[in-house]
Amino acid sequence: PGLPPHDGKDSRGVSFARYVIWSCEICRMKDYEMIDLFMKCLTQKPNVEPKYFMNTGMLPAFFEAIHRDFKTNKYLRYLISELLPTKENDGIEFGTLVRFAFKYPPLLYPLFDFQKMWRRKIFGERFWSERLFEAHERPEEYEDARSKYGIPSEDFNLFARIPTTKAAWQHTARNITLD
C-alpha cells in the first residue's frame with residue numbers, strides 16, 4: 001500500500017514491517033483485487049488496466065503459473081481452449097479474463113485457495129471473516145469491480161462462497177449448462 005518492496009538497506013529482500021503489511025493487505029483483498037495483484041506481480045506492471053491484452057500463446061504459461069496440474073487437467077484446458085473468447089484467436093483482454101474467472105471459478109481458484117490459507121496463518125479465519133465478509137457483501141464495496149470489469153452483482157464476493165475446488169467446478173458446470 002504505497003510502500004516500495006524494501007527500504008534499500010537490505011538487498012536480500014523485503015523488510016519485516018513491509019512483509020507484515022503486505023500479508024495483511026493480501027488477507028483483506030476482495031476477490032477481484034486479488035486477481036489484479038496477481039496480474040501486477042506476473043507482468044511486473046504496477047498499473048495493469050482491464051484493456052491489457054494477453055496473446056493466445058501466453059495463456060498456457062499464465063495458467064501453468066497458477067495450476068501445477070495444468071498439463072494433465074483436461075477440463076481446465078477445455079475451459080481455456082473452448083470457452084475463453086479470444087479476439088480473432090490472437091488473445092484475450094485482461095478484463096474479459098477476470099469476468100470469465102467469475103463465471104468459471106476453477107480458472108483462477110488457486111489464487112483464492114492461497115488467500116484462504118494465508119488468512120488462516122495470519123490471525124485466523126474468524127478474525128478475517130468478522131472484519132471482511134460482511135463488508136464484502138455490500139454492493140458499494142464492488143462498485144470498482146462493476147465499473148472496471150463488468151462483474152455482475154450476484155458474483156460479488158463469489159470466491160468467499162466457494163469453499164473447495166470441487167465446489168468451483170460445480171459452479172462452472174452450472175454456468176456451462178446455463179449457457
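Residues numbered from 1 in each chain as written. Predicted model: local features only at pLDDT ≥ 70, side-chain atom pairs only at ≥ 80, totals over all residues. Heavy atoms only, no water.

Okay, a nonpolar patch on the surface next. A cluster of nonpolar side chains, namely Phe16, Tyr19 and Val20, defines an oily patch on the protein surface of about 320 Å² accessible area. Along the chain, the position of Val20 falls in helix H1 (residues 16-28). (Patch = residues over 30% accessible without salt bridge, like charges linked within 9 Å, V, L, I, M, F, W, Y side chains within 5 Å. Areas by Shrake-Rupley, 256 points an atom, 1.4 Å probe, with all protein chains shown as cover. Salt bridge = Lys/Arg side-chain N within 4 Å of Asp/Glu carboxyl O. Helix = DSSP H or I, 4+ residues; strand = E, 2+ residues; numbered from the N terminus.)

Moving on, we get to the packing of aromatic side chains. For the structure shown, the criterion picks out 14 aromatic pairs. A ring pair is formed by Phe94 and Tyr149, whose centres lie 5.9 Å apart and whose planes are at 90°; its orientation type is edge-to-face. With Phe94 in helix H5 (residues 94-103) and Tyr149 in helix H8 (residues 143-149), this residue pair connects regions lying 55 residues apart in the sequence. Both rings, one in Phe100 and one in Tyr104, keep their centres 5.5 Å apart while their planes meet at 45°; by these two values the pair is tilted. For Phe100, a relative accessible area of 17% translates into the label buried. (Phe/Tyr/Trp six-rings, centres within 6.5 Å; stacked < 30°, edge-to-face > 60°. Buried < 20%, exposed > 50% of the residue type's maximum accessible area, 1.4 Å probe, protein only.)

Next up on the list: the pattern of salt bridges. For the structure shown, the criterion picks out five salt bridges. Of the charged contacts in the structure, one is a salt bridge between Arg120 and Glu125, with a shortest N-O distance of 3.6 Å. Among the ionic contacts, a cluster of salt bridges with common partners joins Glu25, Arg28, Lys30 and Glu33.

For helix H3 (residues 58-66), every residue scored as buried is listed here: Leu59, Phe62, Phe63 and Ile66. Seen from one end, H3 has its buried residues packed into an arc of 90°, which puts them on one side. (Arc of directions from axis to C-beta.)

In the Ramachandran plot, Phe123 falls in the positive-phi region, its phi being about 75° despite a non-glycine side chain. Tracing the chain through its elements places Phe123 in the loop between helix H6 (109-121) and helix H7 (125-137).

The end-to-end C-alpha distance of helix H2 (residues 31-43), which contains 13 residues, comes to 19 Å, matching closely the 18 Å that a straight helix rising 1.5 Å per residue would cover. Counting buried positions along H2 gives 10 out of 13 residues, so the element sits mostly inside the fold. Listed in full, the buried residues belonging to H2 are Asp31, Tyr32, Glu33, Met34, Ile35, Asp36, Leu37, Phe38, Met39 and Thr43. Each element contacted by the buried residues of H2 is listed here: H1, strand E1 (53-55), H3, H5, H6 and H8. (Expected span 1.5 Å × (residues − 1). Contact = heavy atoms within 4.5 Å.)

Moving on to the side chain of Gln115. Examined against the element boundaries, Gln115 turns out to sit in helix H6. We classify Gln115 as buried; its relative accessible area is 4%. Ignoring anything within four residues of it in the chain, the contact list for Gln115 reads Ile26, Cys27, Met29 and Met34.

With their axes 10 Å apart at the nearest point, H2 and H6 run at an angle of 105° to one another. One element, H2, and the other, H6, form an angle in the roughly perpendicular class. For the pair H2 and H6, the contacting residues are Asp31, Met34, Ile35 and Phe38 in the first and Leu111, Phe112, Phe114 and Gln115 in the second. Residues belonging to the contact of H2 with H6 are distributed by class as follows: six nonpolar, one polar and one charged. (Axes fitted to C-alpha atoms, helices over the stretch in contact; angles between N-to-C directions. Parallel < 35°, antiparallel > 145°, perpendicular 65-115°, else oblique. Nonpolar A, V, L, I, M, F, W, Y, C, P; charged D, E, K, R; others polar.)

This paragraph deals with the packing of H2 against H5. Interaxial distance between H2 and H5 falls to 11 Å at its minimum, and their mutual angle equals 135°. Between H2 and H5, the angle falls in the class oblique. Crossing of H2 against H5: the hand is right-handed. Only Phe94, Val98, Ala101 and Phe102 of H5 make contact with H2, whose side of the interface consists of Asp31, Tyr32, Ile35, Asp36 and Met39. In the contact of H2 with H5, the residues fall into seven nonpolar, no polar and two charged. (Left-handed = near helix turned anticlockwise from the far one by under 90°.)

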